[in-house]
Amino acid sequence: MRKLAPIVQITASHKGKDSGSLSHHNLDSGYTQAYFNPAIEIGVGEYRLYADVGFPIYRQVNGNQLVSQNTFKVIVGKSFYNIV
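The rules behind the values
Residues numbered from 1 in each chain as written. Predicted model: local features only at pLDDT ≥ 70, side-chain atom pairs only at ≥ 80, totals over all residues. Heavy atoms only, no water. Helix = DSSP H or I, 4+ residues; strand = E, 2+ residues; numbered from the N terminus. Rg over C-alpha atoms; globule rule 2.2 N^0.38 Å. Buried < 20%, exposed > 50% of the residue type's maximum accessible area, 1.4 Å probe, protein only. Contact = heavy atoms within 4.5 Å. Areas by Shrake-Rupley, 256 points an atom, 1.4 Å probe, with all protein chains shown as cover. Salt bridge = Lys/Arg side-chain N within 4 Å of Asp/Glu carboxyl O. Pairing = 2+ DSSP bridges. Axes fitted to C-alpha atoms, helices over the stretch in contact; angles between N-to-C directions. pLDDT = per-residue confidence, 0-100.

Helix and strand counts for the protein stand at zero helices and four strands. Listed N to C, the secondary structure of the protein is β-β-β-β in terms of helices and strands. Compactness check: the protein gives a C-alpha radius of gyration of 18 Å against a globular reference of 12 Å for 84 residues, more than 25% above the reference. The principal-axis extents of the C-alpha atoms in the protein amount to approximately 55 × 30 × 20 Å. The buried share of the protein, reckoned over its 84 residues, is 17%. Within the protein, contacts between residues at least 6 apart in sequence are counted, and of these 53% link residues at least 24 apart. Put simply, the protein shows about 6,700 Å² of open surface, and 61% of that area lies on carbon and sulfur atoms.

This is the structure:
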């Protein structure tokens, strides 16, 4: 049996500035960002394929850092049992 599920997500993450005795002490670390992630999940029998792309809707980066414009994710999975 084949199943198709469209998914809409908003994901967010926060990373503080580096700290500790062995860290590189400068202001060029840490960020806060949020992404809009449209996704799709396709199920065929016991297999699942999930894919999404993230478009930034908010980004605050400390200092001078390279950041990706968009994010991409693909997950392939297999179920080992079925829940009835």
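With that settled, the discussion passes to the pattern of salt bridges. Here the structure, examined in full by the defined rule, presents three salt bridges. Here K15 makes a salt bridge to D18, at a shortest N to O gap of 2.8 Å. According to the relative accessible area criterion, K15 is partly exposed, its value standing at 34%. A salt bridge links D52 to K73, with the nearest nitrogen and oxygen atoms 3.7 Å apart. Here D52 is found in strand β3 (residues 47–61), whereas its partner K73 is found in strand β4 (residues 71–78), with 21 residues between them in sequence. Its relative accessible area of 39% is what places K73 among the partly exposed residues.

When you line up the elements, A39 lands in strand β2 (residues 31–44). A relative accessible area of 11% places A39 in the buried class. In this structure, A39 is in contact with A5, P6, I7, Q9, Y50, A51 and D52, ignoring residues within four places of it in sequence.

What follows concerns the sheet that holds β2. With antiparallel pairing, the four strands of this open sheet are ordered in space as β1-β2-β3-β4. Either end of the sheet is taken by a strand with one partner, and the two such strands are β1 (2–15) and β4. Neighbour-to-neighbour, the strand axes of this sheet turn through a mean angle of 20°, independent of strand direction. Where β1 and β2 come together, 14 bridges link them in antiparallel fashion. Residue pairing across strands places A12 opposite A34, the latter belonging to β2.

What follows is about the confidence of the model for the protein. Mean pLDDT over the protein stands at 89; residues scoring 70 or higher make up 94%. Mean pLDDT per element in the protein: β1 is the minimum at 94, and β4 is the maximum at 96.

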